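Residue-level structure breakdown
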Amino acid sequence: MAERRVLWLALALLALCAAFLAWQLRAPMGFILGLRAAKLGALVCVGAATGAATILFQTVASNRLLTPGLVGFDALFILLQTLLVLALGGVGLAQLPASLRFGMEVIALAAASTALFGLLLRRDACDVTRMILTGIILGVMLRGLAEMVQRLMDPSDFAVVQQAMFASFGRVDPQQLAVSAVVLLAALAAALRMAPALDVAALGRSTARGLGLDHDRLVLVTLLLMAAMVSVSTALVGPITFLGLLTASLARQLTGSHRHAILLPAAAMIGALILVAGQFVFERLMGSQSALAVIVELFGGLLFLALVLKRRRR
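In this report, the structure presented in the accompanying data block is examined. This structure is a prediction, so every number in the text was calculated from the model and none was measured.

1. Looking at the overall build of the protein
- Per the secondary structure count, the protein includes 13 helices and zero strands.
- Its helices and strands taken in sequence order, the protein reads α-α-α-α-α-α-α-α-α-α-α-α-α from the N to the C terminus.
- Looking at the protein residue by residue over its 314 residues, the buried ones come to 50%.
- Across the protein, every contact between residues at least 6 apart in sequence was considered, and the portion connecting residues at least 24 apart equals 78%.
- Entry remark: accessible area of the protein is about 15300 Å², with carbon and sulfur atoms responsible for 67%.

Shown next, in the form of structure tokens:
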């Protein structure tokens, strides 16, 4: 049953992608299709990366309330963008080759996020309240550092940083998109190969170690894969905090499975479906260009509050 639902998700995603490309297509078709294909690729990559990465993070954190964005990743991205602009200047950063800048951002984000999440998961990761509070405090601290540095900038440099603070699918570079797709596919393939071990890790550290699993090594490898996925998606379009929570929750509800071989592809396709469907509705049907990220954050935030209140009643 769960496998059939994953198949239906795949068919729905293919149909929606076809509609996104072909809806009201006019001449010059080649040019328009190129623009739409780049935007569609970014939507699919970001949605898939965010959904799969959140499943991985929730597994190693041993709870379903957390996402990388909730424990400071977005603030980390803003701080790194601020430091890059401070070091190179807005003009200097713009003169960098797009591929070099993208590579610098991905490497910096992956290294910093692995260190950040590794520190969090070493200290009472099963204590949800402490985990969330620690993440919030780290996020506030990182945002405070970013704001302090931003006050030292010229207005033109600050405008560059401000543009990077919000997710945008309208400025996607094809080369960066290709690199992101390759990294995402490689990370997803590695995560799927680890699916049986992740099923055991989801039982908890003590139980997993009792069953012979090298839990600490698995957590490190999983964090590296998660950091790679989130880093490429964030460097590609910018941060979206609550998309992962929304995607992971829907994947578990729709599949009814605890197997990562089912959850990972389901979460990836649901994330892509949410972004592609949202962009299709707002851009094609409503003529809006900027409402998607706001709506995703709204519903994701409401879902987070609902999950917290539900857990509290239990």
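2. Some details on helix α7 (residues 174–193)
- Here α7 contains 20 residues, and its C-alpha end-to-end distance of 29 Å stays within 8% of the 28 Å for a straight helix at 1.5 Å per residue.
- Among the residues of α7, those classed as buried are Gln176, Leu177, Ser180, Leu184, Ala187, Leu188 and Ala191. One side of α7 carries all its buried residues, which in axial view fall inside an arc of 100°. Away from its buried face, by an angle of more than 90 degrees, α7 presents the exposed residues Pro174, Gln175, Val182, Leu185 and Arg193.

3. Digging into a nonpolar patch on the surface
- Residues Leu7, Trp8, Leu11 and Leu14 make up a contiguous nonpolar surface patch of about 470 Å² in total accessible area.
- If you trace the backbone, Leu14 turns up in helix α1 (residues 2–22).

4. Thoughts on the packing of aromatic side chains
- Within the structure shown, the criterion is met by one aromatic pair.
- Between Trp23 and Phe280, the aromatic rings sit 5.3 Å apart at their centres with planes inclined by 80°, giving edge-to-face as the arrangement. A residue pair is termed long-range when its members are at least 10 positions apart, and Trp23 in the loop between α1 and α2 (29–61) and Phe280 in helix α12 (residues 260–285) qualify at 257 residues.
- The class for Trp23 is partly exposed, based on a relative accessible area of 35%.
- Under the relative-accessibility criterion, Phe280 is labelled buried at 10%.

5. Section: the side chain of Thr255
- The residue Thr255 is located in helix α11 (residues 243–255) in this model.
- A polar atom in the side chain of Thr255 sits 2.7 Å from the backbone oxygen of Ala251.

6. Considering the packing of α2 against α11
- Running from amino to carboxyl end, α2 crosses α11 at an angle of 75°, the nearest separation of the two axes being 8 Å. On the basis of the axis angle, α2 is roughly perpendicular to α11. From α2, Gly47, Thr50, Gly51, Thr54, Ile55 and Gln58 reach across to α11, where they touch Leu243, Gly244, Leu245, Thr247, Ala248 and Arg252.
- For the contact of α2 with α11, a count of residues per class yields four nonpolar, seven polar and one charged.

7. A word on the nonpolar core
- Grouped together as the largest cluster of nonpolar side chains are 76 residues, with contacts concentrated most on Leu56, Phe169, Met229 and Leu236.
- Apart from residues lying up to four places away in sequence, Leu236 is in contact with Ala42, Val46, Phe102, Val172, Gln176, Leu177 and Ser180.
- If you look at the next biggest cluster of nonpolar residues, it comprises six residues, including Leu84, Leu93, Met153 and Val161.

Basis of the calculations
Residues numbered from 1 in each chain as written. Predicted model: local features only at pLDDT ≥ 70, side-chain atom pairs only at ≥ 80, totals over all residues. Heavy atoms only, no water. Helix = DSSP H or I, 4+ residues; strand = E, 2+ residues; numbered from the N terminus. Buried < 20%, exposed > 50% of the residue type's maximum accessible area, 1.4 Å probe, protein only. Contact = heavy atoms within 4.5 Å. Areas by Shrake-Rupley, 256 points an atom, 1.4 Å probe, with all protein chains shown as cover. Expected span 1.5 Å × (residues − 1). Arc of directions from axis to C-beta. Patch = residues over 30% accessible without salt bridge, like charges linked within 9 Å, V, L, I, M, F, W, Y side chains within 5 Å. Salt bridge = Lys/Arg side-chain N within 4 Å of Asp/Glu carboxyl O. Phe/Tyr/Trp six-rings, centres within 6.5 Å; stacked < 30°, edge-to-face > 60°. Polar contact = N/O pair within 3.5 Å; in protein donor to acceptor, adjacent residues only side chain to side chain. Axes fitted to C-alpha atoms, helices over the stretch in contact; angles between N-to-C directions. Parallel < 35°, antiparallel > 145°, perpendicular 65-115°, else oblique. Nonpolar A, V, L, I, M, F, W, Y, C, P; charged D, E, K, R; others polar. Core = buried A, V, L, I, M, F, W, Y, C linked by side-chain atoms within 4.5 Å.

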